[in-house]
Amino acid sequence: MDWGMQNRLNRIIRPETGRTVMLAVDHGYFLGAMSRIENPATTIEPLLPHCDALMPTRGVLRTSVDPATDTPIVLRVSGGNSIAGPNLADEGITVDFEDAIRLNVAAVALSIYVGTNYENQTLLNLSELVNNGQTYGIPVLAVTAVGKELEKRDARYLKLCCRIAAELGAAFVKTYYCDDFEQVVAGCPVPVVIAGGPKLKTELDAMKMAHDAISRGAAGVDMGRNIWQSDFPVPMIRAVREVVHNNATPEEAHELFRQLKSEARKETAKI
Ligand code: 5RP
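Position numbers for residues start from 1 in each chain and track the written sequence from start to end. Owing to the predicted nature of the model, reporting of local features is limited to residues with pLDDT of at least 70; listing and counting of side-chain atom pairs is limited to 80 or more, with chain, interface and lining totals taken over all residues.

### Some words on the environment of lysine 270
- With respect to the helices and strands, lysine 270 occurs in helix 12 (residues 250–270).
- Any residue surrounded by 20 or more other C-beta atoms within 10 Å of its C-beta is treated as buried, while 12 or fewer makes it exposed and the intermediate range makes it partly exposed; C-beta atoms here are placed from the backbone. Given 5 C-beta atoms within 10 Å, lysine 270 falls into the exposed group.
- The spatial distance from the C-alpha of lysine 270 to the C-alpha of glutamate 38 is 26 Å, given a sequence separation of 232 residues. Only DSSP runs of H or I covering at least 4 residues are called helices, and only runs of E covering at least 2 are called strands; the numbering of each starts at the N terminus.

Following this line, the structure appears as structure tokens:
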């Protein structure tokens, strides 16, 4: 891999552990102002020091992220769909590569929709980005999206999607955690990170999922709702970091979460 590409990837996937905690805040590109991210700046600001990379859209990046940040940006560059529209899979590339460079991104991200009517379109989107990325040394993150069909999240399907993404040149892939996740990782020659998916019942459940994914070969998480929809987002991301970077068990991470939560409550009581 060329130096620039490798250097950018090393800023995202920490060389010390080979893992990453990415914070996904791109949801608004098709879901609008979701609960707890209505004001992106307020949601992002306290979490930014605790993530290895941030995944926003360019609109949120320009309006709601402090340009003084050192945190690498993995820019969402696909869209053109909405939850109210006819088909979530019908995505195009939304950002000129030159604008991504102007924004000093560490990587660009887009969704692919394998097995849908838009498979060809979204896989060619990926290929176009990889071609541009190779020219400028910018890695591409492929997101194996399932749209509204959450039941598609099984190992056979996700293994297919991840492998295709890697074959087309994605430098890393984001997918969902599933049973037999190690098979998804085994079939994919580039690092795989997991999305959190819809908010789980408890914080401990999200820590268990992160732990299971890491122990089955994931290179980290790119989590959104399970962090910023928690009542205690900073304790939550710090606990997830313990799982990802320090191999904490879910119970150890949850104990840290409880401690940090109680400290946060005391701080709020002082105000
Ligand atoms: C949408 C995305 C989101 O960034 C992704 O789903 C991660 O967020 P969450 O953990 O909330 O699922 O890529 O296609």
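### Here we look at the nonpolar core
- Within the largest apolar cluster, 85 residues are counted, with the highest numbers of intra-cluster contacts made by Val74, Val108 and Val240.
- Setting aside residues up to four positions removed in sequence, valine 74 forms contacts with Ile12, Met22, Ala53, Met55, Ala106, Ala107, Ala109 and Leu141. Linking buried Ala, Val, Leu, Ile, Met, Phe, Trp, Tyr and Cys residues through C-beta atoms within 7 Å yields a set, and such a set is a nonpolar core. By the convention adopted here, residues make contact when the C-beta atoms placed from their backbones lie within 7 Å.

### A word on the site of the ligand
- Whether a residue is near a molecule or strand depends on its C-beta atom, generated from backbone atoms, being within 6 Å of that molecule or strand. Near the ligand you find 15 residues, and of these Ala24, Ala195, Gly196, Gly224 and Arg225 are the closest.
- Contributions of two or more residues to the shell around the ligand are made by strand 10 (220–223) and helix 10 (225–228).
- Residues are sorted three ways: Asp, Glu, Lys and Arg are charged, Ala, Val, Leu, Ile, Met, Phe, Trp, Tyr, Cys and Pro are nonpolar, and all the rest, Gly among them, are polar. Class assignment of the residues belonging to the shell around the ligand gives a composition of six nonpolar, six polar and three charged.

### Let's talk about unusual backbone geometry
- Backbone geometry at arginine 36 places phi at a positive 80°, although glycine is not the residue there.
- Relative to the elements of secondary structure, arginine 36 occurs in the loop between helix 2 (28–31) and helix 3 (40–44).
- Overall, arginine 36 belongs to the partly exposed group, with 17 C-beta atoms counted inside 10 Å.
- Its identity is not glycine, yet asparagine 247 carries a phi of approximately 55°, on the positive side.
- Secondary-structure assignment places asparagine 247 in the loop between helix 11 (233–246) and helix 12.

In short, geometric facts, not functional conclusions.
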